[in-house]
Amino acid sequence: MVSKIKLSKFLSYILRHDPGSWDLELDGCGYAPLADVLRVLRKRFRKFKEEDLFELVKNEPKGRFEVSAKKIRATYGHSLEVRPGSESIIPPEVLYHGTSPEDLEKILAEGLKPMSRQFVHLSSNEKDAYMVGMRHAQTPVILEVMAKEAALKDIKFYREGKLFLAKNVPPEYIKAKKEGRNI
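Residues numbered from 1 in each chain as written. Predicted model: local features only at pLDDT ≥ 70, side-chain atom pairs only at ≥ 80, totals over all residues. Heavy atoms only, no water.

1. Overview of the overall build of the protein chain
Then step 1. Check the secondary structure of the protein chain and you find six helices and ten strands.
Then step 2. Against the globule reference of 16 Å for 183 residues, the protein chain gives a C-alpha radius of gyration of 18 Å, in line with a compact fold.
Then step 3. Seen along its three principal axes, the alpha-carbon backbone of the protein chain occupies a region of about 50 × 35 × 25 Å.
Then step 4. Within the protein chain, buried positions represent 44% of all 183 residues.
Then step 5. Here the analysis covers contacts within the protein chain between residues at least 6 apart in sequence; of these, 74% occur between residues at least 24 apart.
Then step 6. Accessible surface, the protein chain: about 10600 Å² in total, of which carbon and sulfur atoms supply 50%.
Then step 7. Charge-centre separation for the protein chain: the mean point of 33 positive side chains lies 5 Å from the mean point of 26 negative side chains. (Helix = DSSP H or I, 4+ residues; strand = E, 2+ residues; numbered from the N terminus. Rg over C-alpha atoms; globule rule 2.2 N^0.38 Å. Buried < 20%, exposed > 50% of the residue type's maximum accessible area, 1.4 Å probe, protein only. Contact = heavy atoms within 4.5 Å. Areas by Shrake-Rupley, 256 points an atom, 1.4 Å probe, with all protein chains shown as cover. Lys, Arg positive; Asp, Glu negative; His and termini not counted. Charge placed at Lys NZ, Arg CZ, Asp CG, Glu CD.)

2. Comments concerning the side chain of Thr-99
Then step 1. For Thr-99, the position within the fold is in strand E4 (residues 95–99).
Then step 2. You can call Thr-99 buried: its relative accessible area is 5%.
Then step 3. Those residues within four positions of Thr-99 in sequence are excluded, and the remaining contacts are Ile-107, Gly-133, Pro-140, Val-141 and Leu-143.

3. A look at the sheet that holds strand E8 (residues 163–166)
Then step 1. In space, the three strands of this open sheet follow the order E5-E8-E7, with antiparallel pairing throughout. At either end of the open sheet lies a strand with only one pairing partner, and these are strand E5 (120–122) and strand E7 (157–160). Each neighbouring strand pair of the sheet contributes to a mean axis angle of 35°, computed without reference to strand direction.
Then step 2. Sheet analysis places E5 next to E8, joined by three bridges and oriented antiparallel. The partner of Val-120 across the bridge, within E8, is Ala-166. (Pairing = 2+ DSSP bridges. Axes fitted to C-alpha atoms, helices over the stretch in contact; angles between N-to-C directions.)

4. Let's talk about helix H3 (residues 50–59)
Then step 1. For H3, the complete set of buried residues consists of Asp-52, Leu-53, Leu-56 and Val-57. Seen end-on, H3 carries its buried residues on one side only, within an arc spanning 130°. Along H3, the residues that are exposed and aim more than 90 degrees away from the buried face are Glu-51 and Lys-58.
Then step 2. Packed against the buried residues of H3 are helix H1 (4–16), helix H2 (34–44), strand E2 (65–68) and strand E3 (71–74). (Arc of directions from axis to C-beta.)

5. Here's the deal with empty space enclosed by the protein
Then step 1. Applying the stated rule across the entire model yields two cavities of 30 Å³ or more.
Then step 2. A volume near 60 Å³ is recorded for the largest cavity.
Then step 3. Lining the largest cavity are 13 residues, with Thr-75, His-78, Val-82, Phe-119 and Leu-165 positioned closest to its centre.
Then step 4. For the lining of the largest cavity, the per-class residue count stands at five nonpolar, six polar and two charged. (1 Å grid on protein atoms, 1.4 Å probe; cavity = no way out; pocket = protein on both sides within 12 Å on 5 of 7 lines; lining within 4 Å. Points joined across faces, edges and corners; volume = space filled by probe spheres on them. Nonpolar A, V, L, I, M, F, W, Y, C, P; charged D, E, K, R; others polar.)

6. Topic: the layout of surface pockets
Then step 1. By volume, the largest pocket is sized at about 1000 Å³.
Then step 2. As for the largest pocket, its lining consists of 34 residues, of which His-97, His-121, Val-132, Arg-135 and His-136 are closest to the centre.
Then step 3. Within the residue set of the lining of the largest pocket, elements represented by two or more residues are E4, helix H4 (101–110), E5 and helix H5 (126–133).
Then step 4. Of the residues belonging to the lining of the largest pocket, the class tally is 13 nonpolar, ten polar and eleven charged.

7. Focus: the pairing of E8
Then step 1. A two-sided burial pattern is seen for E8, the buried positions comprising Leu-163 and Leu-165 on one face and Phe-164 and Ala-166 on the other.
Then step 2. Strand direction decides the pairing type here: E7 and E8, joined by four bridges, are antiparallel. Within E8, the position partnered with Arg-159 by the bridge is Phe-164.
Then step 3. Hairpin remark: E7 followed by E8, antiparallel, with two residues in the connecting loop; positive phi at Gly-161, about 60°.

It is worth stressing that arrangement in space is one thing and function is another; only the former is reported here.
Given below as structure tokens:
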């Protein structure tokens, strides 16, 4: 059995950032032919079994991957230009984003931008946003995004796995929280 962590990281890398180096072609929504991805995985992991991939997709708690009609894709996190795999939606009233205290002032002035990704990633709860923010700071700041209000003003949101995506979120829809209190 192949390490689930190594498989997930490698699959994320090739489907989000560098399919060309592995002779993979993604369609506009980021799907690659499943047979081609299996070929790459068999070259990379000696003990790889097709079941390992399907088990990963089925049990991956963050919904990072999707298999559909003999194709596979990463659902979010792309540095490559891709379209969302779903239609835009009206999101919940509030979504959350974890960030570093150092970035707070700029975000409150300019809004949330995707930076090196194609979309801003938003969580449906503070705990998940906090865990994401921990990648950027020891004590992250949690941002409340008035998502439904923004959507009603033509900001498009998409649901991908457990996450919500947006091309950007203007500052007027963002409130910073610190230790559960509004700043």
